[in-house]
Amino acid sequence: MLPSHQRQEEVLTKITSVYTLIVDINSQVALFRDMLIHVGQSKDCPELREKIRKIRFSLVEACRHTSSLILPQIRTAVSEGIVTDNPHLVLLFYLSQLFLRELIKSYRLVQVIPMDMSGYYENRAGPSNLGNVISQILLCKQITPDFNQEELCSINKDSQEIAHLLAEMQEFMPQQEIYLERNAALTGDDTNGPWPAKRRRNSLYKNMGLLCCVSRPNYL
C-alpha cells in the first residue's frame, strides 16, 4: 500500500489532469461551434470541413478519456455508500450535452450543404477508402468515394457515443442539477420539475432519431 502522502499526491495529480482536460474541452466545444457557423458562408471550403472533422474526433476522444478518469472513482464512492457531488462531472456532463447538440447541427449542415472534397483528398492523406479500393478490384471499375455520406455516418457514430456517455454520467448527477436542465432544453417540451430517471435518459436519445446512415462508413 502506498504511503498516505503519496496517495494524496496521486489524487491531486489526477484532479489537476481532469481540470486541464475539462478546460480544453470547453475551448474545443466553443471552437467547434464557431467553425460550424461558417458552413455555407464565404469562409466555407474543404479545408474548413477537414478542420471541423478533426476537432470533432478530438472532442469525442477528450470526452471519452475524461469520463474514464471521473466515473470510476464516483462509482467506487457510490458503492461504498458515499454521496458524491463532483463538480468535474457536472461540468463534463453539460459540456458533453452542448457538444451533442452541435453534433446534431453539424449532421444537418452536412446534409443540406454538402462539400465536394474529392479534389482536397486527391493528393494528400485522407480518410481510409479501403472499402472502395476492394470494391474497385472486385467490380473492375473506378468508384468515387462519397465523402459527405461517410462524414454523416461518422457523425452519427460519434453522436451515439456521446449520448451513451451522457446516459452514464446522468446516473451520478447531483439532484439539484436536474432543475437546471429542463426537459424543454433537449426535447422542446415545456414541463415543470425534475425529470423522472427513465425520462431523462430517453430524452438524451430522442434526437438520435435525426441521425440516420444509409451506408456503412469507410473511415471512422
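Residues numbered from 1 in each chain as written. Predicted model: local features only at pLDDT ≥ 70, side-chain atom pairs only at ≥ 80, totals over all residues. Heavy atoms only, no water.

Trainee: I keep staring at the overall build of the protein and nothing clicks. Help me out?
Mentor: The helix and strand inventory of the protein stands at 8 helices and 0 strands. Counting from the amino terminus, the protein carries its helices and strands in the arrangement α-α-α-α-α-α-α-α. Classification of the 220 residues of the protein by burial places 41% in the buried group. Contacts in the protein between residues far apart in sequence, at least 24 positions, make up 76% of those at least 6 positions apart. When the accessible area of the protein is evaluated, it comes to approximately 12600 Å², of which 56% is carbon and sulfur surface. (Helix = DSSP H or I, 4+ residues; strand = E, 2+ residues; numbered from the N terminus. Buried < 20%, exposed > 50% of the residue type's maximum accessible area, 1.4 Å probe, protein only. Contact = heavy atoms within 4.5 Å. Areas by Shrake-Rupley, 256 points an atom, 1.4 Å probe, with all protein chains shown as cover.)

Trainee: What am I meant to see in the confidence of the model for the protein here?
Mentor: Detailed reading of the predicted coordinates is not advisable wherever pLDDT falls low. Chain-level statistics for the protein give a pLDDT mean of 77 and a share of 62% at 70 or above. Taken together, the stretch residues 129-135 has pLDDT below 50 and engages in 10 contacts with residues farther than four places along the chain or on a different chain. The model gives residues 212-220 a pLDDT under 50, and that stretch makes 26 contacts with residues more than four places away or in other chains. (pLDDT = per-residue confidence, 0-100.)

Trainee: Looking at this structure, I do not really get the environment of Leu-152. What am I missing?
Mentor: Counting through the fold element by element, Leu-152 comes out in helix H6 (residues 147-170). Sequence separation between Leu-152 and Arg-108 is 44 residues; the distance between their C-alpha atoms is 8.7 Å. Every residue in contact with Leu-152, bar those within four places of it in the chain, is listed here: Tyr-107, Val-110 and Gln-111.

Trainee: I'm lost on the pattern of salt bridges in this one. Help?
Mentor: Side chains that carry opposite charge are capable of pairing whenever their charged atoms lie near each other. Taken as a whole, this structure holds 10 salt bridges when the rule is applied. The partner of Arg-33 in a salt bridge is Asp-34, and the shortest N-O contact between them spans 3.7 Å. Residue classification places Asp-34 among the partly exposed positions, given a relative accessible area of 39%. Here Glu-151 and Arg-56 are joined by a salt bridge, their closest N and O atoms 3.0 Å apart. (Salt bridge = Lys/Arg side-chain N within 4 Å of Asp/Glu carboxyl O.)

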